[in-house]
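Descriptive structure summary
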Amino acid sequence: MWYRHLMRRGLRLLMLLLLSCLSMSVQARERLFQIGFPLVYDLQQTQQQWQPLIEHLNQQLGPSYRFELQILDLDALEDAVAASELDFLFVNPSLYVYYSYRYGLSSPLATLLNYEQGQTISQFAGVVFTRPERTEIRQLSDLKGLTIATPSQQSLAAYQMQAVELKQQGLDLDTDIVWLETGLPLTSVMDAVMSGAADAGFMRAGVLEKLQQQGQISPGVFRVVAPRQVAGFPWITSTRLYPEWPFAALAHTDTDVVRQVTAALLNLPVNSPVTQQIGIAGFTIPGDYRGIDRLLQDLRLPPFDQSPPISLQQIWLQWQLYWLLLILCAAALLAFAVIILKRKNRHLAITQQTNQQITAQLRENEALLNHAQQVARIGSWDYDLQTELFNCTDQMRLMFGLTADQPIRIDDFIARIAEEDRAYALKAWDTALKKGRDYEMDYRVQVGHELRWFHERLHVIRNTRGDMVRLLGTVQDVTDKVEYEQHIESLAFNDALTKIPNRAWLHEALDKLLRQRNVRPHSAVLVLLNIDRFKTINNARGSRFGDGLLCAIGERLQGCELLDVSVKVARIAGDEFAVLLQSDRLVELSVNRLEALLAEHCQALFAQPFMVDEEPVSVTASAGVTRFPELDDPLSAEQVFQRASMALTHSRLEGGGQLSFYESPMSEAAGYRFRLERDLSRAVQQNQLRLFMQPQFDVQGRKRAAELLLRWEHPELGMISPADFIPIAESSNLIVDLDVWVLDQACQLIRQAAIQGVELCLAVNISPRHFCKQSFVPWMQSVLEQQQINPRQLMLEVTEGLFLNNIEDVCAKMQALRRLGVSFSIDDFGTGYSSLAYLKRLPVNEIKIDRSFVQDAPRDTEDAALIEAILAVADKMQLQVVAEGVETLEQAEFLKARSQSILFQGYFYGRPAPVQEWLMRWQNSEQAESV
């Protein structure tokens, strides 16, 4: 028995070992990424607020990647960043700048969007407020000598933004203001001001108005000091606007994951369920955080809290009293030695010893000065106007590669300056010699195989008569500073993928061009290019292949030339590029000539395939073009970009591969479309939608069924055609809401008609966007069960575009609904792709011949042959055929001669009319037939 016991224990251990290995294998396939977030308020509340975003990222990037939210206090957060324990950071702008300088974060991936007062905003600001009766406090300068309440001096929007404004007004933050830190909650600041404990308070813009809306404070109990109203920003502010919280990655984070996270954030729909749970609007392209850099520098906050390098002049000013005292002491000793020498020669040895000590001290001080200059990488020199020689410190010689015993003239320095900077440096030196002017300048010096940046300051020394007697100068190595500034500028104005300028650079270039006064009208052209089918290529071949294609396109665009025109290229976003052309020669070209020239050039650019991973890829591009500036209509950079974007949209609607010039009606159309999209979301709630019906007749003229049509009766614009608002609804989830409302109304009409004695069969159009949702079939089943109608009286009309994506899923859904009794009709048959091939696979009951074939069929042999072919196929497959757009007797007779089972729908048999009107006609005709 004992050996059986041992065997059972062995089997258990073996199973535990296998389970452990399986668990480790599963975990190995899953990569975990930590997202750092600062603990500002309550930990649990913060976790609950932002957890939906983490779940969104897990859903978008899973299952290979998993994300966790790490909410840490500021000390723990910095430790985690320093130890590379985090992969992403979502922090306030000042923390982002601090960590970027100290630990090397990526450029911002996205900037937070908030939803305030019905607007989506990506910036925030601060306010200074006081009590209404404090009428003497009007401007920021009036706060001098007063007490100001703030929750914390670490707060960006409730201290730092306002503090930098006060400093720019000339106030000393340490001596001119008495600070009262109240801590959280923010209402503590309001209480301090209202109670008189503070004369004014700092708060984030919009907080006071929200407290007032929530009833926590009464109207009129506060007044904003130095109020500003910024266009596009819903709140009154006392400071300039700064970008919202950035989302960034640490340097070690996988770039492919960074791109996917960026895409997931930027593709997060505005005011989606996820953003509503969090309480934000979403994310947008990164803002410009250089304003935060300047703010922290002005306030000398980390990482700009280090003391600046000490110059020779500052050393002299700081220690000149000691030098004077030292000189006086030396003079006194010498005088005393002379007196004593005259009296007693025996004191000579003591005097000599004292002089030696002083000399040693001077040498020690000189050595300390040289050491200090070496540490600070600052060299100094003294120029003798008589000998034209320089007396340089050791560090100065080292910086320029000069030997210790070498006599130095100006040519020795100039020879070591980079060739591009020599003329500039020599001109500054000649000006100083001839006119006695001080100067500051930057230039590059070749030190060995390395080119380094130096900053030089020259000061002219004059005697009491004003004559120039000496020149003093310092030279500091500022290579690290220049390279860092260039790196920051590169991150701000260059695309990380293609290494070409980005959208921010383009806007700045447009601003600079539009501000120039000597630019002739229509001498500049902005071309926006969108790569057709790029999303298809990217989805099929992967993001790495898509990135390679974008880089190849950017490289080819950068090499393009057009006449003698200045050509500058930028990548705007995703698969969109911009080309900025500027030359007076463009003024001479007519619009037609310029359009032909640009179209020919674009076609030539994309004629040859692009090589990606040694594989040729052929693509086309849609282009939108606008000319500027206008003669009598000053445009902003945003307006120029908007015009080109409208033209690009027009090209894409034309089917791609087109080039369109901006025309003023495009602005009107865009405004009209925007208004329709805004008002359509309220149309259902405000009962503005109307249902029309158009019957379908058989060859004997009897009504057999009807199609349900949707109209929109706008309270101001009147009746709006479906051709105007249905495409807008199709581009968003509004089409789903319309489908739900129409189908609900259709079921009610079927029940109402049954009560009136009419067996009404209705055809209802269903959007492909709605049909492709996973919940479509269960929703249809619940509607049929709730409405209690006969499903065989309901026909769902779908277009051929539905079958182009995932035909297997579409077929399965149609089969499920067919089992419930619902019928299907293919609308606009023959206008799509491979329609006959799909008929054999799909459970379709009916096809509708598009009106474009019916109109010319009696006279056009090709249309006639096509209709006869469709009728023959339908007859073989036992499908009902409906002819749309039958408007004349000639068309009706043509169709009737070729099919006795066909149904007619069109103006010849009946125009669309309100459903109640057609129901009344239908009921009357039913009663007449029964009599």
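Residues numbered from 1 in each chain as written. Predicted model: local features only at pLDDT ≥ 70, side-chain atom pairs only at ≥ 80, totals over all residues. Heavy atoms only, no water.

1. Re the pattern of salt bridges
Across all of its chains, the model carries 36 salt bridges by this definition. Its salt-bridge partner being Arg702, residue Asp698 comes within 3.1 Å of it at the nearest N-O pair. The class for Asp698 is buried, based on a relative accessible area of 7%. Several salt bridges share partner residues, and in doing so they unite Glu707, Glu797, Lys848 and Glu884 into one network. (Salt bridge = Lys/Arg side-chain N within 4 Å of Asp/Glu carboxyl O. Buried < 20%, exposed > 50% of the residue type's maximum accessible area, 1.4 Å probe, protein only.)

2. Notes on the confidence of the model for the chain
Confidence in the prediction for the chain averages 85 pLDDT; 89% of positions are at 70 or higher. For residues 16-28, every residue scores under 50 in pLDDT, and the model assigns this stretch zero contacts once sequence neighbours within four places are set aside. (pLDDT = per-residue confidence, 0-100. Contact = heavy atoms within 4.5 Å.)

3. A short note on the sheet that holds strand β20 (residues 524-531)
Taken in spatial order, the five strands of this open sheet run β21-β22-β20-β25-β26, and their pairing is mixed. Of all strands in the sheet, those bounded by a partner on one side alone are β21 (566-573) and β26 (659-661). On average, each strand axis in the sheet is tilted by 20° relative to the strand beside it, whichever way the strands run. (Pairing = 2+ DSSP bridges. Helix = DSSP H or I, 4+ residues; strand = E, 2+ residues; numbered from the N terminus. Axes fitted to C-alpha atoms, helices over the stretch in contact; angles between N-to-C directions.)

4. Things to note about the sheet that holds strand β16 (residues 389-392)
Across the sheet, five strands lie side by side as β16-β15-β19-β18-β17; this open sheet has antiparallel pairing. A strand with exactly one partner marks an edge of an open sheet, and here the two such strands are β16 and β17 (439-447). Here the average twist between neighbouring strands, direction ignored, is 30°. As defined by bridge partners, β17 adjoins strand β18 (residues 450-462) across nine bridges and the pair is classed as antiparallel. Note on β18: the bridge partner recorded for Val445 is Arg452. Here helix α15 (residues 419-435) sits on the sheet in contact with β15 (378-384), β16, β17, β18 and β19 (468-477), set at roughly 140° to β17.

5. Regarding the UniProt feature "transmembrane region" (unreviewed entry) in the chain
Mapped onto this structure's residue numbering, the UniProt feature "transmembrane region" (unreviewed entry) falls at residues 321-341. Helix makes up 100% of residues 321-341 and strand 0%, with an end-to-end C-alpha separation of 29 Å. (UniProt positions renumbered as here; feature names shortened; annotations may be inferred.)

6. Some details on the packing of helix α24 (residues 722-730) against helix α25 (residues 734-755)
In a packed pair of helices, the relevant descriptors are the angle between the two axes and the axis-to-axis distance. One way to put it is that α24 packs onto α25 with a least axis distance of 6 Å and a crossing angle of 115°. Along its contact with α24, which presents Phe725, Ile726, Ala729 and Glu730, the element α25 presents Leu734, Ile735 and Leu738. Broken down by class, the residue content of the contact of α24 with α25 amounts to six nonpolar, no polar and one charged. (Nonpolar A, V, L, I, M, F, W, Y, C, P; charged D, E, K, R; others polar.)

7. Things to note about α25
An α-helical segment advances 3.6 residues per turn. Residues three or four places apart therefore align on the same side. In a regular helix each residue adds 1.5 Å, so 22 residues correspond to 32 Å; α25 covers 32 Å between its end C-alpha atoms and thus fits that length. Where α25 terminates, the next one or two residues include Gly757, which has phi positive at roughly 85°. (Expected span 1.5 Å × (residues − 1).)

8. Section: helix α32 (residues 889-896)
The complete set of buried residues in α32 reads Gln891, Ala892, Phe894 and Leu895. Considered in projection along α32, the buried side chains sweep an arc of 160° and stay on one side of the axis. The secondary structure elements touched by the buried residues of α32 are α30 (851-854), α31 (861-876), β34 (880-884) and β35 (903-905). (Arc of directions from axis to C-beta.)

9. Let's talk about the pairing of β34
Of all five residues in β34, four are buried, a share of seventy percent or more. As judged from the four bridges shared by strand β33 (residues 846-849) and β34, these two strands associate in the parallel manner. Pairing of Ile847 across the sheet is with Val881, part of β34. Pairing between β34 and β35: three bridges, direction parallel.

10. Brief notes about the nonpolar core
Of all hydrophobic cores here, the largest spans 85 residues; its most connected members are Leu796 and Phe803. Of all the elements, α25 adds the most residues to this core, at 12 residues. The next biggest cluster of nonpolar side chains, apart from the first, holds 44 residues, and it includes Leu140, Met161, Leu166 and Leu173. (Core = buried A, V, L, I, M, F, W, Y, C linked by side-chain atoms within 4.5 Å.)

11. Comments concerning unusual backbone geometry
A cis amide bond, omega 10°, links Pro302 with the succeeding residue Pro303. Structurally, Pro303 can be placed in the loop between α10 (290-299) and α11 (312-343). With omega at -5°, the peptide bond leading from Phe628 into Pro629 counts as cis. Its place among the elements puts Pro629 in the loop between β25 (621-628) and α22 (637-653).

12. Comments concerning the packing of aromatic side chains
Pairs of aromatic rings are described using the distance from one ring centre to the other and the angle between the two planes. Counted by the stated rule, this structure contains 35 aromatic pairs. A centroid spacing of 5.1 Å and a plane angle of 85° characterise the contact between Trp50 and Phe90, whose relative ring orientation is edge-to-face. Within this pair, whereas Trp50 is found in helix α2 (residues 43-61), its partner Phe90 is found in strand β3 (residues 88-90), the two being separated by 40 residues in sequence. You'll find Trp50 and Phe90 in the same group, each marked buried. (Phe/Tyr/Trp six-rings, centres within 6.5 Å; stacked < 30°, edge-to-face > 60°.)

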